[in-house]
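What follows is each chain in one-letter form.
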Amino acid sequence: LALETGPGRFVRAHGTLAVADEPAYDVAASWTDFRWPLVGDVLVTSPRGELTARGWTEFDYRVSGEFASSAGPPVAGSAAGRFATATMTVDESDLRVLGGRVSLKGSLGRGDAAPWSVAGHASGIDPGKLRPELPGRLTFDFAAGGTGFGERAPWNASIRNLSGPFRGQPAG
């Protein structure tokens, strides 16, 4: 299957569908100059990327590429996990963001409560990519979690093993 979602924007996919007592599919897709949604205000753009998925109503996935959202810094890399009825999990990831690297695991629940958690390691992160007056090269372990994403949603976060220069001074 090949789709042109706009001038120079392509999505190509191939896979199989098993229709049996337990239906299943596997699909591999790649894209160039993708945006979501396809019309209206753009939430995410991706100059290039790939996705594989296998399952049925719940499925395993692996995604890689370059991504930019309207609300955050550009990210490149890969992640793999599972999309289930109640949650989406990231079991492994290797991401390049803010001049450094991040590996993380986490989960995001579905529904009104939307419980979420994330934990991982970041190295070489430059906060100056977000705010030029905050240059640095920070390395740290992190963990966070909460319920929902509203203005009053409860959450917690921790940073451990912080090191590296921040605004010309050692951080720790």
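Structure's up top.
Residues numbered from 1 in each chain as written. Predicted model: local features only at pLDDT ≥ 70, side-chain atom pairs only at ≥ 80, totals over all residues. Heavy atoms only, no water.

Q: Would you explain the sheet that holds strand β2 (residues 9–18) in this entry?
A: The strands making up a sheet associate through hydrogen bonds between their backbones, and the pairing can be parallel or antiparallel. Read from one edge of the open sheet, twelve strands run β1-β2-β3-β4-β5-β6-β7-β8-β9-β10-β11-β12, paired in antiparallel fashion. Taken across any chain shown, the strands that pair with only one partner, and hence form the sheet edges, are β1 (2–6) and β12 (169–171). When the angles between neighbouring strand axes are averaged without regard to direction, this sheet yields 15°. (Pairing = 2+ DSSP bridges. Helix = DSSP H or I, 4+ residues; strand = E, 2+ residues; numbered from the N terminus. Axes fitted to C-alpha atoms, helices over the stretch in contact; angles between N-to-C directions.)

Q: What is the right way to read the packing of aromatic side chains from this model?
A: The description of an aromatic ring pair rests on the distance of the ring centres and on the angle between the ring planes. Scanning the entire structure with this criterion turns up eight aromatic pairs. Taking 6.3 Å as the distance between ring centres and 55° as the angle between the ring planes, the aromatic pair formed by Tyr25 and Phe59 counts as tilted. Placement of Tyr25 in strand β3 (residues 24–36) and of Phe59 in strand β5 (residues 59–69) is noted, with a sequence separation of 34 residues between them. Between Phe59 and Phe83, the ring centres sit 5.3 Å apart and the planes meet at 15°, which makes this aromatic pair stacked. Here Phe59, found in strand β5, pairs with Phe83, found in strand β6 (residues 75–83); they are 24 residues apart in sequence, far enough to count as distant. Residue classification places Phe83 among the partly exposed positions, given a relative accessible area of 25%. An aromatic cluster of three or more residues is present, and its members are Tyr25, Trp56, Phe59 and Phe83. (Phe/Tyr/Trp six-rings, centres within 6.5 Å; stacked < 30°, edge-to-face > 60°. Buried < 20%, exposed > 50% of the residue type's maximum accessible area, 1.4 Å probe, protein only.)

Q: Looking at this structure, I do not really get the nonpolar core. What am I missing?
A: Grouped burial of nonpolar side chains is what soluble globular proteins tend to show. If you look at the biggest cluster of nonpolar residues, it comprises eight residues: Val97, Leu98, Val102, Ala122, Ile125, Leu138, Phe140 and Phe142. Of all elements in the fold, only β9 (115–125) and β10 (138–147) reach the threshold of two or more residues within this core. Setting aside its immediate chain neighbours within four residues, Leu138 contacts Ala122, Ser123, Gly124, Ile125, Pro127, Leu162, Ser163, Gly164, Pro165, Phe166 and Ala171. (Core = buried A, V, L, I, M, F, W, Y, C linked by side-chain atoms within 4.5 Å. Contact = heavy atoms within 4.5 Å.)

Q: Could you clarify how one ought to interpret the environment of Ala153 in this entry?
A: Summarising the element assignment, Ala153 is placed in the loop between β10 and β11 (155–166). The class for Ala153 is buried, based on a relative accessible area of 17%. Taking the C-alpha atoms as reference points, Ala153 and Pro74, separated by 79 residues in sequence, lie 26 Å from one another. When neighbours within four sequence positions are excluded, Ala153 is seen to be in contact with Thr147 and Gly148.

Q: How should I be thinking about the side chain of Arg35 in this particular structure?
A: Mapping Arg35 onto the fold places it in strand β3. It turns out Arg35 is buried and unbridged, and the closest side chain with the opposite charge, Asp41, is 7.1 Å from it. Engagement of the side chain of Arg35 in a polar contact is seen with the backbone oxygen of Pro37, the distance being 3.0 Å. A distance of 3.3 Å separates a polar side-chain atom of Arg35 from the backbone oxygen of Leu38. Ignoring any residue separated from it by four or fewer positions in sequence, one finds Arg35 in contact with Arg9, Gly40, Val42, Val44 and Thr45. (Lys, Arg positive; Asp, Glu negative; His and termini not counted. Salt bridge = Lys/Arg side-chain N within 4 Å of Asp/Glu carboxyl O. Polar contact = N/O pair within 3.5 Å; in protein donor to acceptor, adjacent residues only side chain to side chain.)

Q: Before we go on, may I ask you to explain a nonpolar patch on the surface in this structure?
A: Residues Trp36, Leu38, Val39, Leu43 and Val44 make up a contiguous nonpolar surface patch of roughly 490 Å² in combined accessible area. Structurally, Leu43 can be placed in the loop between β3 and β4 (44–55). (Patch = residues over 30% accessible without salt bridge, like charges linked within 9 Å, V, L, I, M, F, W, Y side chains within 5 Å. Areas by Shrake-Rupley, 256 points an atom, 1.4 Å probe, with all protein chains shown as cover.)

Q: Any chance you could explain the pattern of salt bridges here in plain terms?
A: Two side chains that carry opposite charge are able to pair once their charged atoms sit near each other. Tallying each qualifying case throughout the model produces seven salt bridges. Residue Arg82 is joined to Glu58 by a salt bridge in which the shortest nitrogen-to-oxygen separation is 3.5 Å. Here Arg82, found in strand β6, pairs with Glu58, found in the loop between β4 and β5; they are 24 residues apart in sequence, far enough to count as distant. With relative accessibility at 31%, the residue Arg82 sits in the partly exposed group.

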